[in-house]
Amino acid sequence: MLLHVHANVLAQRISLNEKKASLQKVMDKISKQTGYDFLVLDYKLISDIKDITIQIQKTPLKEALDELLISRNLQYNIEDNSIVIREARRVAAVRNILTEDVQQQQYELQGEVRSLADGQAIEGASVTVDKKHTLTDREGRFTISVDKPTGVLTIKHIGYNEQRVAYENTATLIEISLIPSDNILDEAVVIGYGITTKRFNTGSVASIGSKDIAAQPVSNPLAALQGRLPGVIVEQNNGLPGAKFSVQIRGRNSIEQGNNPLFLIDGIPFDVDNGSNFSNTFNVNSPFNMINPDEIERIDVLKDAEATSIYGSRGANGVVLITTKAALRGRLQFHVFHNSGISNVSQMPKVLSPEKFRELRREAFKNDKVTPTLGNARDLIGLDTNIVNDWGSIIMGKTAHSRNSSLSLEGGSDMTSFRLSGALYSEGNVYPGDDGVSRASFTSILSHGRPRDRLSISTGLAYSYGKTSQAVAELAENLNKVPYGFRLIDEGGRLVWDDATKNYGNPLSYLYQTFESQNHRFFPTLRAKYRFMSNLSLSLNTGLTYDTYDESSKSPKMAKNPNEGLKGSASFTNTYNLSWNIEPQVDYTWSVASGIDAAFLVGGTLTRRTMNNNQMSAINYENDALLGTIKGAGSVTPSDRYSDYRYQGGFARVHLNLKKQFLIGASARRDGSSRFAVDNRYAFFGALSGAWIFTEVPLLKESKYLSFGKLRASYGTTGNDQIGDYMYLDNYKIANDGYNGISLQPMRLYNPTYGWEQFRKLDVGLELSFWDSRLSLNADYYKNTSDNQLVQYSLPDQTGFASILKNFPGKVRNQGFELAVTGHPLRTERIRWTSGINISWHRNKLLAFPDLESSTYNSSYAVGQPLDIMMGFRFEGVDPQTGNYQVTDTNGDGTFNYLDYVPIGHFRPRFYGGLNNTLSIGSFSMDIFFQFVQQNGRHPIYSSLSPLGSGLNVLDIVDDRWRKEGDVASYAKATRSFNATRTSYQWASNSDAVITDASYLRLKNINLMYSVPSSICSKLGVKRLTLSLRGQNLLTLTKYMGLDPEVQSLRSVPPLRIWNFGANLTF
Amino acid sequence: MNNIFYIIGICSLVLLQGCKDFLTVDLPKDQLNRANVFTDKSTAHTALNGMYGLTQQFGGGRMFTGGLTIYPGMYADELYYFTASNRDEFLESNLTQQNDGTLAAFWIEGYQYIYAANSCIEGALDSNLDEGVKNTIIGEAYFMRSLVYYYLTELFGDVPLVLSTDYRKSGTMARAAKQDVVKKILTDLQDASHLLEAEYRDGVKNSPNRYAVQALAARVALQNGEDQLAFDHADAIIRSDIYELESELSKVFLRESKETIFQLTRINQLFNTWESTFFVPANSSSSPAYVLQQDLVHSFAPTDKRRSAWIEGRLYSGEQLYHPTKYKARTTVLTEDYVLFRLAEQYLIRAEAALRLDRPDLAIVDLNKIRSRSGLEKLALDTLVADLWKLLLTERRQELFAELGYRWFDLKRLGKADEVLGALKPKWKSTAVHWMIPWSQIRKNPLLTQNEGYE
């Protein structure tokens, strides 16, 4: 986009009339006319220039600058609203050459072109002098013959700003540094085992940068992806601190096996299953919580076969590449960052008031013709109706506070650089009490050698410590408790155990029964690259991850219902995960012929991951004070788990670039995984891709409207080995509780036959950009099919087991369409408005299933329907006579059972996406991001198995219920008995009545930023100061009548509304 | 160019060939492959223990954790559940899909126990263990498999007869005729009685010996009209003189009871038996969870010691409620195991078999053994056969109440279900003699048919 700006700027016309003026003065005048400031890297360069005489009228700025600067050995560039002036590093080398034609003297000019960003040689840059033209070689060098001893060179390369450099005949070598352009087409895109640009990428990749991550006040990096990337669904399991997020890329590929993408942090696999009990029990303590989002440079999500095939067996569900921040070369910089925020539940569930609740209960007794007694209706007879319990505000009415601070220091010389950073994060809980999560993280990176050096090496060490504490039960599960009659805490702050709480439990007792997890994560890495030749290098990427989870839970006797007569109990769990990864890789590039370039890559992977888990369950503590130690327990049951996973693979890839117009790629991988029986361990995966940049066709090249157009396609296979370890062995395991000592029990059926899940992925993409990228569009169509998925094939239990892992005989197709449009509707000097929208449609379909009718799946799947289809009854409303729900007896046999099931719908999003607007006015900038999802959800009333009036509270939407014969009502009659009405509730809960619209539009994120002007900054002694106000989950528009359309459950904390204020300083 | 191929060659060699064994992983330390389980005697015995432990694995109310007592107990005329719930369908002998899960638990877990037994049998047969060790394994596994099949056939009628661990065979089986299953049970038990010794494997009665096998065979034979076989097995046990009736009724269900032939022990430290947890109220003020039917309680003669030793009553919200106290210990100190076979039953089996074989004289002797222990007067030797049948049924009802569903199986065996239960239960139908095949299983295996009366 800045390229466009330059064109604009440089075409601006200016007038000057100066005699013997200083350059400074002339620059000031130009600034006034153009609105662009001049930045001079070294003031000495211009301070001596005081002899400028210039007289121009409405001359393009470019010409004026050329005249002013180029002749004075200065070069300039437009960067960030400024014209930056540097010394032309000319030391131009010109050797006199006596050519055959002595009449004409020729000079040979030599130079070297590098990228300013990383110092890497730029190959293929075009170098022009007058009418002569050449290209740089692999080392960025060029030689060109020129006629004149002095002049100006123009250097162009895709992805970089055009550069003009003056030369004169005395020097020997011209060094030219090109500044990377801001054209989004030339933005780097991280792909498997390499980097490319958006322009030349032949795969489907969606990315988010550190700026967008920083805009969101979230502690989990995955949360920052929500709604931002087409084809990627990120869902939050609950609103508790440290909650887990699930990521699904292009739908559910595997029917039953893991649908997690492969996560790689700087190329090292990151396991989403941390083995933590806590994490698996409550969907909190997400392993991603150990990653500080501020340390992330970018996240790239690889989607199609071209992008993921290189990850072979692990690529089927897509690949998420997380790149952490590298050490920045140059002047020492010190960043300080602090923010703090508050979060709360934005909407409490509106349940029945105590009066309405009692009315409903009495109605249930009346309907059942049962007289309420203390035994069957304690809530009507035995509870104090003067006490009202608003469970929503009791349980999650608190405002939680969060704090995040970080310090980082980075810098170094041209050869060696470092980065040190440390951060502290803490987040409270909306539950009463002091529970919450906190994290301390530390990163150090040391890099030596520039990319052009023979050897470059970089090591990093990341360490983080995390602590989570939380009640042992989801308190939100009490939201549907009887809404009155409970004294929870007495005057002395002790838990009350009276008749009411003894019979119904005291939800606050869970505040004293806590789970605590202390986590450590060490992540050392080593990367090295050795260049044998300019076009041949060997690199090695290794990393080790060691993480430990030290968890304990404590349930003191005082927090246990005295009716249960239980003593204190505790559990202690230690989990140790150790994994390492070694990946050597050889890169070779080859110019086959003029304009035909090939890049080859060959490499291999060795990975091993072991998990060790020890657990002690301790019960019968006589004394609550001893709960922290195992020794205080009356009895202890130990158990342990261990798993070992190994993986090896070899891969190769070739990319061909023909005249920058045709791109061809092919990749192959052979993988072995320990998760399969010996004969089925290895599998081969591969992909082919091609792209045509049709704007390179001469006819379109000159188009004023279409600045870039690319059509790409890829096809290939990927696999999935997320099936758990050891699944093929008919092992015996030691039973947790022995029968007269140690006991061995069969774990699973012997099953050596299953093989890899393989998915065939087809992707066709179109990328267009108009008016110099002022508007750009990205569209992808994909179709993934599979006919050998691994499923836990349901078995009749007479086999001894409920299911067996088996390659699925059915054929499943996932297809979808993704569209991303970005535009810059407004762009003036002071105001910039960028707007982007992404939308994804997704469809999943079971295409074929041999013998479905006679299989065990006959009541769960239907050919032609999505795999997520729910089978159930067709709902026919409430019978006005009986007040019971009615469903259709589809097969007309007079009974209601699974034979009557029809496909009733599914709960997967049908389309989803996000809308982002960024507006910056001067020093202010504002991001507003909306997320939208069109989907079905569970109806909060129909989906409940408990009838109205059974004693659990419900949302206050049940006035329209059957009360007497003849009533035409939405909801069935209240009951508390086991009768035909209750059976009809079960039918309804398994019918299409539960399917309801849960689409939503959410104001997901607002980010207001103010950059304090540099004049103030310099007074404060800081280089930059930015203040920000950020909000998350601010507003949700939905027709869904439940608590939240994303979490849906009435028994979980919904996503919290967060406000956060922060300041960012750089010294 | 040459060195490129050199490097690539080395890399691929290292990665693909040099680590050929790399993918062979360590097993979890708490797991063994089946082949390794049956390599030595003590490990193989832990697999047998695991087989019994499995029956205690799934919590209370399952086949061998009180389930056989409470569900058939309610289904017949012994018990009811104090609080209204879907268990009332058992009380009404009117099972619907509401209880599919309860029924499926019997089915699913039953076949898990059968799998464990089949796995032991196959493991032993494939092993190089000594003949004697093999015999123990196979004998005990036969016992376990037969025990489960006996109850499955009694509850459900025809059931698939799975005899191997190969899911490709067992997964496609339809229901086998009940008499075929019974035939297989009796043959297996015949074999097992030769494979097992008279001594218990670990010296405690938590694994079956030869007489436990015979006790089961006697029970199965009697239930299925093999009267002579039933007589012979029961006779062999009684004559062995290893067991004797405890004279004090309060000691019958203690761990050391001399009457016990086979008992399952607990697998964790929380309590003694599930039976005591179900029946003995938690504290002095709480109601019993399962309550004995008044009719049963009042059927005991005033002098019957069983009434006072095995039944307790309490007043709860104005109602006199009775509950069984055969198992008394609700504490964590282990004093009681779960008795599956005891000598008293064998006397009653031998008595009934004798009666069927036209030897009322022998029947009277055996009945009197039980009666005199209970403090009842002995029957006269000239008691009429018709009366003997009535007395026998009553004796069984009173001796074996709230134990392993005996009452329900007795009513079925003697063809009295219609008469007795039809009079008590308005929703009773003759087809209720078989429980509903779990619909969830029919759905998984379309070859399974539903029992009459439940379609």
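Residues numbered from 1 in each chain as written. Chains lettered and ligands numbered in written order. Predicted model: local features only at pLDDT ≥ 70, side-chain atom pairs only at ≥ 80, totals over all residues. Heavy atoms only, no water.

1. Describing the overall build of chain A
Part 1 of the argument: Counting its regular elements, chain A contains 14 helices and 54 strands.
Part 2 of the argument: For 1067 residues, the compact-globule formula gives about 31 Å, and the C-alpha radius of gyration of chain A, at 34 Å, lands near that figure.
Part 3 of the argument: Projecting the C-alpha coordinates of chain A onto the three principal axes gives extents of approximately 120 × 65 × 65 Å.
Part 4 of the argument: When burial is assessed residue by residue, chain A has 55% of its 1067 residues classed as buried. (Helix = DSSP H or I, 4+ residues; strand = E, 2+ residues; numbered from the N terminus. Rg over C-alpha atoms; globule rule 2.2 N^0.38 Å. Buried < 20%, exposed > 50% of the residue type's maximum accessible area, 1.4 Å probe, protein only.)

2. Brief notes about the overall build of chain B
Part 1 of the argument: Helices and strands together make up the secondary structure of chain B, namely 20 helices and seven strands.
Part 2 of the argument: With the principal axes as the frame, chain B shows a C-alpha extent of 110 × 45 × 45 Å.
Part 3 of the argument: Burial analysis of chain B (455 residues in total) assigns 61% to the buried set.
Part 4 of the argument: If you take every contact in chain B between residues at least 6 apart in sequence, the share linking residues at least 24 apart comes to 70%.
Part 5 of the argument: For chain B, the accessible surface area stands at approximately 17,300 Å², while carbon and sulfur atoms represent 52% of it.
Part 6 of the argument: Computed over 50 positive and 58 negative side-chain charges, the inter-centroid distance for chain B is 2 Å. (Contact = heavy atoms within 4.5 Å. Areas by Shrake-Rupley, 256 points an atom, 1.4 Å probe, with all protein chains shown as cover. Lys, Arg positive; Asp, Glu negative; His and termini not counted. Charge placed at Lys NZ, Arg CZ, Asp CG, Glu CD.)

3. Observations regarding the nonpolar core
Part 1 of the argument: In terms of nonpolar packing, the biggest core is built from 147 residues, with Phe64, Tyr149, Phe156 and Trp435 of chain B touching the most fellow members.
Part 2 of the argument: It is helix H7 (residues 131–156) of chain B that contributes the most residues to this core, 15 residues altogether.
Part 3 of the argument: In this structure Tyr149 of chain B touches Tyr111, Ile114, Val159, Pro160, Leu161, Val162, Val181 and Ile185 of chain B, once residues within four positions along its chain are discounted.
Part 4 of the argument: Listed in part, the 54 residues of the second largest apolar core include Phe357, Ile941, Trp962 and Ala972 of chain A. (Core = buried A, V, L, I, M, F, W, Y, C linked by side-chain atoms within 4.5 Å.)

4. A look at the pattern of salt bridges
Part 1 of the argument: This model, assessed by the stated rule, comprises 71 salt bridges over all chains.
Part 2 of the argument: Between Glu112 of chain A and Arg141 of chain A there is a salt bridge; the shortest N-O distance is 3.1 Å. With Glu112 of chain A in strand S7 (residues 106–115) and Arg141 of chain A in strand S10 (residues 141–146), this residue pair connects regions lying 29 residues apart in the sequence.
Part 3 of the argument: On the basis of relative accessible area, Arg141 of chain A is assigned to the partly exposed category, the value being 41%.
Part 4 of the argument: In this structure, the salt-bridge partner of Arg62 of chain B is Glu109 of chain B, at a minimum N-O distance of 2.8 Å. Of this pair, Arg62 of chain B sits in the loop between helix H3 (41–54) and helix H4 (63–75) while Glu109 of chain B sits in helix H6 (residues 100–125), placing them 47 residues apart in sequence.
Part 5 of the argument: Residue Glu109 of chain B is classed as buried on the basis of its relative accessible area of 6%.
Part 6 of the argument: Salt bridges sharing partners connect three or more residues here, namely Glu259, Asp304, Arg306, Lys326, Arg342, Arg371, Arg373, Glu395, Glu399 and Glu403 of chain B. (Salt bridge = Lys/Arg side-chain N within 4 Å of Asp/Glu carboxyl O.)

5. Digging into the interface of chain B and chain A
Part 1 of the argument: Between chain B and chain A, the contact holds 73 residues from the first and 75 residues from the second.
Part 2 of the argument: Here chain B and chain A share one salt bridge between them.
Part 3 of the argument: Salt-bridge contacts for Asp797 of chain A lead to Lys444 of chain B; the nearest nitrogen and oxygen are separated by 3.0 Å.
Part 4 of the argument: In this structure, the connection of chain B to chain A is made through 19 residue pairs in polar contact (both at pLDDT 80 or more).
Part 5 of the argument: Contributions of two or more residues to the side of chain B that touches chain A are made by helix H1 (2–17), strand S1 (31–33), helix H2 (34–37), H3, H6, helix H8 (167–170), strand S3 (260–264) and helix H20 (439–444) of chain B.
Part 6 of the argument: Per element, the largest residue contribution to the side of chain B that touches chain A is nine residues, and it comes from H3 of chain B. (Polar contact = N/O pair within 3.5 Å; in protein donor to acceptor, adjacent residues only side chain to side chain.)

6. Some thoughts on the UniProt feature "domain: RagB/SusD" (unreviewed entry) in chain B
Part 1 of the argument: Under the UniProt annotation, the feature "domain: RagB/SusD" (unreviewed entry) is placed at residues 324–454 of chain B.
Part 2 of the argument: Annotated as 50% helix and 5% strand, the span residues 324–454 of chain B places its first and last C-alpha atoms 32 Å apart. (UniProt positions renumbered as here; feature names shortened; annotations may be inferred.)

7. Topic: unusual backbone geometry
All names here are of chain A.
Part 1 of the argument: Although it is not a glycine, Lys20 adopts a positive phi angle of roughly 50 degrees.
Part 2 of the argument: Within the secondary structure layout, Lys20 lies in strand S1 (residues 13–21).
Part 3 of the argument: Judged by its relative accessible area of 64%, Lys20 falls in the exposed class.

8. Considerations on H7 of chain B
All names here are of chain B.
Part 1 of the argument: Taking 1.5 Å per residue as the helical rise, H7 with its 26 residues ought to reach 38 Å, and the 36 Å between its terminal C-alpha atoms agrees with that figure.
Part 2 of the argument: Taken across its 26 residues, H7 has 23 buried, putting it largely inside the fold.
Part 3 of the argument: After H7 finishes, the residue Gly157 shows a positive phi value of roughly 85 degrees. (Expected span 1.5 Å × (residues − 1).)

9. Some words on the pairing of strand S29 (residues 536–555) of chain A
Residues and elements named next belong to chain A.
Part 1 of the argument: With 14 of its 20 residues buried, S29 lies for the most part within the structure.
Part 2 of the argument: Hairpin connection of strand S28 (residues 514–533) to S29: two residues between the antiparallel strands.
Part 3 of the argument: Both S29 and strand S30 (residues 568–593) contribute to a ladder of 20 bridges, which runs antiparallel. Residue Tyr549 lies in a different strand from S30, and its bridge partner there is Thr575. (Pairing = 2+ DSSP bridges.)

10. Brief notes about the environment of Asn897 of chain A
Part 1 of the argument: Note on placement: Asn897 of chain A falls in the loop between strand S46 (885–887) and strand S47 (902–905).
Part 2 of the argument: Separated by 384 residues in sequence, Asn897 of chain A and Gln513 of chain A have C-alpha atoms that sit 42 Å apart.
Part 3 of the argument: Asn897 of chain A has contacts with Phe873 of chain A together with Gln97 and Trp439 of chain B, leaving out every residue within four places of it along the chain.

11. Quick word on the UniProt feature "domain: SusD-like N-terminal" (unreviewed entry) in chain B
Part 1 of the argument: The UniProt feature table records "domain: SusD-like N-terminal" (unreviewed entry) at residues 85–222 of chain B.
Part 2 of the argument: Structurally, residues 85–222 of chain B comprises 66% helix and 0% strand, and the distance from its first C-alpha atom to its last is 35 Å.

12. Some points on the side chain of Ser458 of chain A
All names here are of chain A.
Part 1 of the argument: Along the chain, the position of Ser458 falls in strand S27 (residues 455–471).
Part 2 of the argument: Residue classification places Ser458 among the buried residues on the basis of a relative accessible area of 18%.
Part 3 of the argument: Among the polar contacts made by the side chain of Ser458, one reaches the side chain of Ser447 at a distance of 3.4 Å.
Part 4 of the argument: The residues touching Ser458, leaving out its near neighbours within four places in the chain, are Ile445, Leu446, Ser447, Thr525, Leu526 and Arg527.

13. Describing the environment of Leu376 of chain B
Part 1 of the argument: When you line up the elements, Leu376 of chain B lands in the loop between helix H16 (360–373) and helix H17 (385–399).
Part 2 of the argument: For the pair formed by Leu376 of chain B and Pro302 of chain B, sequence separation is 74 residues and the distance between their alpha carbons is 9.4 Å.

14. Remarks on the sheet that holds strand S36 (residues 731–734) of chain A
Part 1 of the argument: Strand order in the open sheet formed by three strands is S37(A)-S36(A)-S1(B), with antiparallel pairing between adjacent strands. Sheet topology places strand S37 (744–746) of chain A together with S1 of chain B at the edges, where each strand pairs with a single neighbour. Going across the sheet, the axis of each strand differs from the next one's by a mean of 30 degrees, ignoring polarity.
Part 2 of the argument: Pairing analysis gives three bridges linking S36 of chain A to S1 of chain B, with the strands arranged antiparallel. The residue bridging Tyr732 of chain A from the neighbouring strand is Leu32 of chain B, located in S1 of chain B. (Axes fitted to C-alpha atoms, helices over the stretch in contact; angles between N-to-C directions.)

15. Topic: the packing of aromatic side chains
Part 1 of the argument: Across all of its chains, the model carries 66 aromatic pairs over all chains by this definition.
Part 2 of the argument: Taking 4.1 Å as the distance between ring centres and 25 degrees as the angle between the ring planes, the aromatic pair formed by Tyr193 of chain A and Phe651 of chain A counts as stacked. Of the two residues, Tyr193 of chain A sits in the loop between strand S14 (188–191) and strand S15 (194–197) while Phe651 of chain A sits in strand S32 (residues 635–658), which places them 458 residues apart along the sequence. Comparing Tyr193 of chain A with Phe651 of chain A, the two get one shared label, buried.
Part 3 of the argument: Seen in terms of ring centroids, Tyr75 of chain B and Phe90 of chain B are 6.4 Å apart; in terms of plane orientation they differ by 70 degrees. Their pairing is edge-to-face. On the criterion of sequence distance, the pair formed by Tyr75 of chain B in helix H4 and Phe90 of chain B in helix H5 (residues 88–91) is long-range, its members being 15 residues apart.
Part 4 of the argument: On the basis of relative accessible area, Tyr75 of chain B is assigned to the buried category, the value being 0%.
Part 5 of the argument: Its end group placed over the ring of Phe401 of chain B, Lys326 of chain B keeps NZ or CZ at 4.4 Å from the ring centre.
Part 6 of the argument: Across the ring face of Tyr75 of chain B, the terminal group of Lys425 of chain B is positioned such that the distance to the ring centre comes to 5.8 Å. (Phe/Tyr/Trp six-rings, centres within 6.5 Å; stacked < 30°, edge-to-face > 60°. Lys NZ or Arg CZ within 6 Å of the ring centre and 35° of its normal.)

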